[in-house]
Amino acid sequence: MTKMQPDAHQHGDHDHASHAHAEGPCRHAEDHRRHAAEALARAERICRERGLRLTPIRRQALEALHADHRPVGAYDLADRISPAGGRRLAPISIYRALDFLVEQGFVHRLSSKNAYVACLHGHGANEVVAFLICESCGGVDEDSSPAMKKAVAAIAENRQFSPSHQMVEIVGRCEHCRNSGS
């Protein structure tokens, strides 16, 4: 696997780092670029406030996830943050870093992809988050709303179900891919 440039991302078989589309870049890639620095600063601040360490490997993993708007698997993440020409980081080190980042709310794990995506929004622990996963480009947008939270709570209450984690994964085609015919 080749290491991607920080602003590079893939759509099908081409990357946006080397060119622009006539209709412009896709929104989820732009959102990640626009909010990454703010989200990283928020993660550092939250770690300081909680008395936690954002160790070098945790920070590198978070930065690598923010560099891509698509979900990234643990082994791909290891390839991306391992030293060039050196040994690949041990999977257990990557999983420990990811576990920490998920527990702190800096990263989400997408069960359907068995992969991780950086959180741009700093959702609360009890927020219901919807992930819109594009089956064409692999990009992921995340969103939440009071109406969605209320609907999911009503479903759980009707079934007398006590959720520990509330996430909705929706697969389809993003606006960019639909408009570009990808």
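Note that the structure is predicted; figures quoted are calculated from it, not measured.

Engineer: Sorry if this is basic, but what is going on with the sheet that holds strand β7 (residues 167-172) here?
Structural biologist: Within a sheet, adjacent strands bond to each other through the backbone by hydrogen bonds, running parallel or antiparallel. Strand order in the open sheet formed by three strands is β6-β5-β7, and the pairing between neighbours is mixed. Two strands in the sheet have a free side with no partner beyond their single neighbour: β6 (140-143) and β7. Neighbour-to-neighbour, the strand axes of this sheet turn through a mean angle of 20 degrees, independent of strand direction. Bridge count for strand β5 (residues 129-134) against β7 is six bridges, and the pairing is parallel. By the bridge assignment for β7, Phe131 is matched with Glu169.

Engineer: Is there a simple way to think about the packing of aromatic side chains in this case?
Structural biologist: Within the structure shown, the criterion is met by one aromatic pair. Taking the centre distance of 6.5 Å and the plane angle of 80 degrees together, the rings of Tyr75 and Tyr95 count as edge-to-face. Here Tyr75 is found in helix α3 (residues 74-81), whereas its partner Tyr95 is found in helix α4 (residues 91-103), with 20 residues between them in sequence. Looking at Tyr75, the relative accessible area reads 44%, which means it is partly exposed. Relative accessible area serves as the criterion here: at 31%, Tyr95 is assigned to the partly exposed category.

Engineer: So what exactly am I meant to see when it comes to the side chain of Arg70 here?
Structural biologist: Tracing the chain through its elements places Arg70 in the loop between α2 (56-66) and α3. Residue class for Arg70 comes out buried when judged on its relative accessible area of 16%.

Engineer: Whenever I open this one, the pairing of strand β3 (residues 107-110) confuses me. Can you help?
Structural biologist: Side-chain direction in a regular strand flips from residue to residue, so the side chains alternate between the two faces of the sheet. As paired elements, β3 and strand β4 (residues 115-118) share four bridges and run antiparallel to each other. The partner of Arg109 across the bridge, within β4, is Tyr116. Count of turn residues in the β3/β4 antiparallel hairpin: four residues, of which Asn114 carries a positive phi of about 50 degrees.

Engineer: Sorry, what's going on with the pattern of salt bridges here?
Structural biologist: Where charged atoms of side chains with opposite charge meet at close range, the side chains can pair. One pass over the structure, following the stated rule, counts seven salt bridges. Among the salt bridges present, the one from Glu49 reaches Arg45, with a minimum N-O distance of 3.2 Å. Of this pair, Glu49 and Arg45 are both found in helix α1 (residues 27-50), four residues apart, which corresponds to roughly one turn of the helix. Its relative accessible area of 57% is what places Glu49 among the exposed residues. When the shortest N-O distance is used, the salt bridge between Arg80 and Asp68 registers 3.1 Å. Taken together, the residues span a long stretch of sequence, with Arg80 in helix α3 and Asp68 in the loop between α2 and α3 at a distance of 12 residues. Neither Arg80 nor Asp68 differs from the other in exposure class; each is buried. Several salt bridges converge on common partners, so that one network encompasses Glu44, Arg59 and Glu63.

Engineer: Help me out: how do you make sense of the state of the cysteines in this one?
Structural biologist: One pass over the structure, following the stated rule, counts zero disulfides. Unpaired in terms of disulfides, Cys137 finds its nearest cysteine sulfur in Cys134, a separation of 3.7 Å.

Engineer: Teacher, can you tell me more about the confidence of the model for the protein chain here?
Structural biologist: In regions of low pLDDT, the predicted coordinates are not meant to be interpreted in detail. Model confidence for the protein chain is summarised by a mean pLDDT of 82, while 82% of its residues fall at 70 or above. Mean pLDDT per element in the protein chain: strand β1 (residues 10-11) is the minimum at 32, and α2 is the maximum at 95. Taken as a whole, residues 1-23 scores under 50 in pLDDT and shows 48 contacts with residues more than four places along the chain or in a different chain.

Engineer: Would you mind showing me how to read the environment of Ile46 here?
Structural biologist: Looking at the element boundaries, Ile46 is found in helix α1. In sequence terms Ile46 and Gln104 are 58 residues apart; their C-alpha atoms lie 8.5 Å from each other.

Engineer: Quick question: what am I supposed to make of the packing of α3 against α4 here?
Structural biologist: The description of two packed helices rests on the angle between their axes and on the distance between the axes. The geometry of α3 relative to α4 is characterised by a closest axis approach of 9 Å and an angle of 105 degrees between their N-to-C directions. Comparing the axis directions of α3 and α4 gives the class roughly perpendicular. Note on element contacts: α4 touches α3 through Pro91, Ile94, Tyr95 and Leu98, opposite Ala74, Tyr75, Leu77, Ala78 and Ile81. Looking at the contact of α3 with α4 residue by residue, the classes come out as nine nonpolar, no polar and no charged.

How each quantity is defined
All residue numbers refer to position in the chain's written sequence, counted from 1. Reporting of local features is limited, given that this is a predicted model, to residues whose pLDDT is at least 70; pairs of side-chain atoms are given and counted only at 80 or more, and all residues count toward the totals for whole chains, interfaces and linings. Only hydrogens and water are removed before side-chain values are computed, so all heavy atoms of the structure are retained for them. Note on pairing: DSSP must find at least two bridges between two strands before they are called paired. What counts as a helix is a DSSP run of H or I of at least four residues, what counts as a strand is a run of E of at least two, and both are numbered from the N terminus. Here, axes are lines fitted to C-alpha atoms. For helices the fit covers the stretch in contact, and angles between N-to-C directions go from 0 to 180 degrees. The pairing test for Phe, Tyr and Trp rings, Trp by its six-membered ring, is centres within 6.5 Å, and the orientation test on the planes gives stacked under 30 degrees, edge-to-face over 60, and tilted for anything in between. A 1.4 Å probe rolled over the protein chains alone gives each residue an accessible area, and that area as a share of the maximum for its type sets the label: buried under 20%, exposed over 50%, partly exposed in between. For this analysis, a salt bridge means a side-chain nitrogen from Lys or Arg found within 4 Å of a carboxyl oxygen belonging to Asp or Glu. For the purposes of this analysis, a disulfide is any pair of cysteine sulfur atoms at a distance within 2.5 Å. One confidence number per residue, pLDDT, is output by the predictor and ranges from 0 to 100. Residue contacts follow a heavy-atom distance rule, with two residues in contact if any of their heavy atoms lie within 4.5 Å. Geometric relationships in this document are graded by angle, where less than 35 degrees denotes roughly parallel, more than 145 denotes roughly antiparallel, 65 to 115 denotes roughly perpendicular, and other angles denote oblique. Ten residues, namely Ala, Val, Leu, Ile, Met, Phe, Trp, Tyr, Cys and Pro, are considered nonpolar, four, namely Asp, Glu, Lys and Arg, are considered charged, and the remaining ones, Gly among them, are considered polar.

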